[in-house]
Amino acid sequence: MSEIALPTRVALVGNPNSGKTALFNALTGSRQKVANYPGVTVERKEGVVVTPAGLTVRLIDLPGTYSLRARSLDEIVTRDMVLGKLAGEDAPRLLVCVADSTNLRLALRLVLELKRVGRPMILALNMFDIARNRGFEIDLDRLSTELGVPVVPSVAVRRGGTRDLLARIDEVNSERGLPQGLVEAEGNWSEPNAAELRAAQREADRILDAAVRMPGRPDSITRRIDSIVLHPVLGLVILMSILFLMFQAVFAWAQAPMDLIKSGFDGLGAWAGIVLPQGWLLSFVRDGVISGLGSVLVFLPQILTLFFFILLLEDFGYMARAAFLMDRIMGGAGLHGRAFIPLLSSFACAIPGIMATRVIASRRGRLATILVAPLMTCSARIPVYTLIIAAFIPARTVLGWFNLQGLVMFGLYAAGIAAALGMSWVFNRLLWRRDPSDPFMLELPDYKRPVLKNLALGLLQRGQIFLHRAGTTIFAMMVVIWFLCSAPPAPADATLPAINHSLAARIGQAMEPVLRPVGFNWQIDVALVPGMAAREVAVAALGTVYAIEGASDNSDELGRTLTAHWSLATALALLAWYVFAPQCAATLGVVRRETNSWKWTLFLFSYMLALAYLAAFVTYQTAVWLGAG
Amino acid sequence: MPAVARIAGDDAPSGDTQSLGAAPVGFKGRIRVVRVRAGDHGLSAAELERRLIELGFVEGARVEVLHQGLFGRDPIAVRVNETTVALRRREAAAILVEPDGG
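Rules of the game
Residues numbered from 1 in each chain as written. Chains lettered and ligands numbered in written order. Predicted model: local features only at pLDDT ≥ 70, side-chain atom pairs only at ≥ 80, totals over all residues. Helix = DSSP H or I, 4+ residues; strand = E, 2+ residues; numbered from the N terminus. Contact = placed C-beta atoms within 7 Å. Domains from an automatic or database assignment. pLDDT = per-residue confidence, 0-100. Axes fitted to C-alpha atoms, helices over the stretch in contact; angles between N-to-C directions. Parallel < 35°, antiparallel > 145°, perpendicular 65-115°, else oblique. Left-handed = near helix turned anticlockwise from the far one by under 90°. Core = buried A, V, L, I, M, F, W, Y, C linked by C-beta atoms within 7 Å. Buried ≥ 20, exposed ≤ 12 C-beta atoms within 10 Å, placed from the backbone. Pairing = 2+ DSSP bridges. Expected span 1.5 Å × (residues − 1). Nonpolar A, V, L, I, M, F, W, Y, C, P; charged D, E, K, R; others polar.

Novice: Teacher, can you tell me more about the overall build of chain B here?
Specialist: From N to C terminus, chain B includes 3 helices and 6 strands. At a minimum sequence separation of 6, the contacts of chain B that also span at least 24 residues come to 63%.

Novice: Explanation requested: the domain arrangement of chain A in the structure shown.
Specialist: Interface size, as often reported, equals the accessible area lost upon joining of the parts. Residues and elements named next belong to chain A. According to the domain assignment, chain A contains domain 1 (8–218), domain 2 (234–435 + 456–464) and domain 3 (468–625). A C-alpha centroid distance of 36 Å is found between domain 1 and domain 2. Tallying the contact residues gives 8 residues for domain 1 and 8 residues for domain 2.

Novice: Explain the confidence of the model for chain B to me, please; I cannot follow it from the model alone.
Specialist: Interpretation of the predicted coordinates at a detailed level should be avoided for regions scoring low in pLDDT. Residues and elements named next belong to chain B. Looking at chain B as a whole, its pLDDT mean stands at 84, while 80% of the residues score no less than 70. When mean pLDDT is compared element by element in chain B, strand S4 (residues 76–80) scores highest at 96, while helix H1 (residues 3–9) scores lowest at 42. Scored below 50 in pLDDT, residues 1–12 makes 14 contacts in the model with residues more than four places away or belonging to other chains. As scored by the predictor, the complex reaches a pTM of 0.82 and an ipTM of 0.86.

Novice: What exactly am I supposed to notice about the packing of helix H15 (residues 363–372) of chain A against helix H17 (residues 404–430) of chain A here?
Specialist: Residue and element names in this part refer to chain A. For the pair H15 and H17, interaxial distance at closest approach is 9 Å and the crossing angle is 140°. Considering the angle they form, H15 stands oblique to H17. Judged by the sense of rotation from one axis to the other, the crossing of H15 with H17 is right-handed. For the pair H15 and H17, contact is made by Ala368, Leu371 and Val372 and by Ala420, Met423, Ser424, Phe427 and Asn428, respectively.

Novice: I'm lost on the nonpolar core in this one. Help?
Specialist: In a soluble, globular protein the nonpolar side chains are often hidden away together inside. Residue and element names in this part refer to chain A. The biggest cluster of nonpolar side chains holds 205 residues, and the ones touching the most others in it are Cys97, Ala124 and Trp577. Here the element with the most residues in this core is helix H23 (residues 568–580); it accounts for 11 residues. Those residues in contact with Trp577, other than ones at most four positions away along the chain, are Val518, Ala612, Ala615 and Ala616.

Novice: How should I be thinking about the sheet that holds strand S3 (residues 62–68) of chain B in this particular structure?
Specialist: Pairing between the strands of a sheet comes from backbone hydrogen bonds, and it takes one of two forms, parallel or antiparallel. Strand order in this open sheet of 7 strands is S12(A)-S5(B)-S4(B)-S3(B)-S2(B)-S6(B)-S1(B), and the pairing throughout is antiparallel. The two strands at the open ends of the sheet, each matched to only one other strand, are strand S12 (441–443) of chain A together with strand S1 (18–19) of chain B.

Novice: Which parts of the structure should I look at to understand the interface of chain B and chain A?
Specialist: Facing 35 residues of chain B, the contacting portion of chain A comprises 35 residues. At the level of secondary structure, the elements contributing two or more residues to the side of chain B that touches chain A comprise H1, helix H2 (45–54), S3 and strand S5 (83–87) of chain B. No other element matches the 7 residues that H2(B) contributes to the side of chain B that touches chain A. As paired strands, S12(A) and S5(B) are joined by 3 bridges and run antiparallel to one another. Of the residues in S5(B), the one forming a bridge with A:Met441 is B:Leu87.

Novice: In this structure, what is going on with helix H19 (residues 503–515) of chain A? I would like to understand it.
Specialist: Working note: α-helix, 3.6 residues per turn, so residues spaced by three or four point in the same direction. Between its terminal C-alpha atoms H19(A) stretches 18 Å, which fits the 18 Å expected from 13 residues at 1.5 Å a residue. Three or more residues of H19(A) are buried, namely A:Ala504, A:Ala505, A:Gly508 and A:Leu515.

Novice: Got a minute to help me understand the packing of helix H7 (residues 194–211) of chain A against H2(B) in this structure?
Specialist: How two helices sit against one another is set out by the angle between their axes and by the gap between those axes. Look at H7(A) against H2(B): their axes get within 9 Å of each other, and the N-to-C directions meet at 10°. Here H7(A) lies roughly parallel to H2(B), going by the angle between them. On H2(B), the residues touching A:Ala194, A:Leu197, A:Arg198 and A:Gln201 of H7(A) are B:Ala46, B:Glu49, B:Arg50, B:Ile53 and B:Glu54. Grouping the amino acids of the contact of H7(A) with H2(B) by side-chain chemistry returns 4 nonpolar, 1 polar and 4 charged.

Novice: Honestly, the environment of A:His336 in this entry has me stumped. Any pointers?
Specialist: Relative to the elements of secondary structure, A:His336 occurs in the loop between helix H12 (318–331) and helix H13 (340–345). Sequence-wise, A:His336 and A:Asp438 are 102 residues apart; in three dimensions their C-alpha atoms are separated by 7.4 Å.

Novice: What is the right way to look at unusual backbone geometry in this model?
Specialist: The phi angle of most residues is negative, glycine excepted, and most peptide bonds adopt the trans form. Of the consecutive residues B:Asp74 and B:Pro75, the connecting peptide bond is found in the cis state with omega at -10°. As for its placement among the helices and strands, B:Pro75 is situated in the loop between S3 and S4. Despite not being glycine, A:Met127 shows a phi value in the positive range, around 55°.

Novice: When you look at the pairing of strand S6 (residues 95–99) of chain B in this model, what are you seeing that I'm missing?
Specialist: Where a strand is regular, its side chains alternate between the two sheet faces. Pairing analysis gives 2 bridges linking S1(B) to S6(B), with the strands arranged antiparallel. What sits directly across from B:Ser19, in S6(B), is B:Leu96.

Below is the structure:
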């Protein structure tokens, strides 16, 4: 044994919904770091905790699993980490298996399987207070003897609820001395077959029978809630109402902080204009760096609001119900019930949506979701939609009830959803006909009261991930696009705005013959180039091309200019284009990373481009034919 | 030994068993056999069988069909001992159950 006091690595393993992450948060507080495992996009959560005896523990929270027989990317990480086979990672010296005390049956089978790995292990009976309140009688000593591992109760949500666990880690450490250095533990575990799994589950059932007395009746609160929210008709109505409220909140709550961020960056840009001399440096700092970052960061409030709801519903236990309710509807389009949450996230931004597809086990199900997620109307499309609708669609009441502008907005959202479902159906027919779909099997956990601390930590992490991305990939893209829009500099005697002389203008003019049949003039084509960085930047770019000072501040004025330059047919065609167009280079980047394939990224880009062209073409030609040209 | 082993030992489905895949909401019973026939499940029969077992669908377990979806009465939510699991009727068809009191 070596005497260097390296921090001891301890891994938390457990079933999904065992409260593992809540326990991790309780143990490590905010001393945690979220990153990705190298090469894969599975989130790697690590934190530091010091035990009462002074042992420094590097705690790692592994993705939830029912078995070491891994299927999804998440589960593969768990298996390889437990077995000590994950490249670049130290093997854990101690496993803490976390189990929901009210739902021990499947957890005990996992404990039996984990024992075969041969690492020191502690079983933490989480939510022990809930189990006791509901009338569970758990004989800890008996359970420990039967399983052959130390068993401790834990309550993640209460102060001091992790004391027993920490004390036991110390005890295990002093009794055996946790193995130091490289730990080889594989060899004892091999993938169990059905007979072995059956035998293990029977053994788990026997131990459960011997050590735990359960209350006669199941959790009546969960039953009562489910009888309403899983009602075949009422359940769907409730789900739709929740979604409606969510979107209301995303737009209503996020508006004020978004305005604040925007004016903050505008102020920063103005300040740069005072401090820096005129020239390329000012242009780079103000139009490249500040406005580039600002145009992405402005979406942070919407993304956080949406994730607040998603995390809240997830913590409560509703998300699994939503997947249940939507499975058949999405299944008709060849999507997995679990694709629901990724697609929902894509309404804020396709990037977190695509990253959330990791929970889908089959490659085919995951790929189908990734391919259609960018069709969901992300919030970056909204500024473009708003601008064009306000300028071209009269604010008229139709059918006595509906605002025409609102109807068009709704229609654009509906078109995105319909396209996502339709394309998924087509892909399943054309690409994966011989490859039937992955079965939908999902545990519906008992409802739990959401814990503020977990919500706050979850939101903080979402925010960090987004900011990190904005600071790296997206920022780099913005700089490239700034370069295209400002180089070469306009000649001194230029009368047109500088962008008209740039590389972007040349690209736009080169695109013009191709895009003329869909009704786009070269100014639109130029705006599409910076629109590749982030869709909404196209609004600012249109302003620049039409030489309006501060166009993005005064969209009324820009709107009037557009009405003077464009026909209604062109405006409608641009809306249709925006529903489908594969814009936003950051999305393409994340698709590349998540699919690990240029081929699929290129495929996504081409099919969306083809759809956008087709939709804009049909819209433009129909509108011209109807006399709106 | 608990009742679990005795029932599981009797592997042959008898007349009073039915498929969980066809069970209506409110059905209560015990699992007699989990046996997946090769079919279009998207995975091999052996793999589906293992996944069902990992979610607790083991011979002898108590089951109750709690909820079903609107379209095609699919998927279903099944209480398996102390756990609730959602799955489609197509996969549930691999689970043969014996109704309570039958």
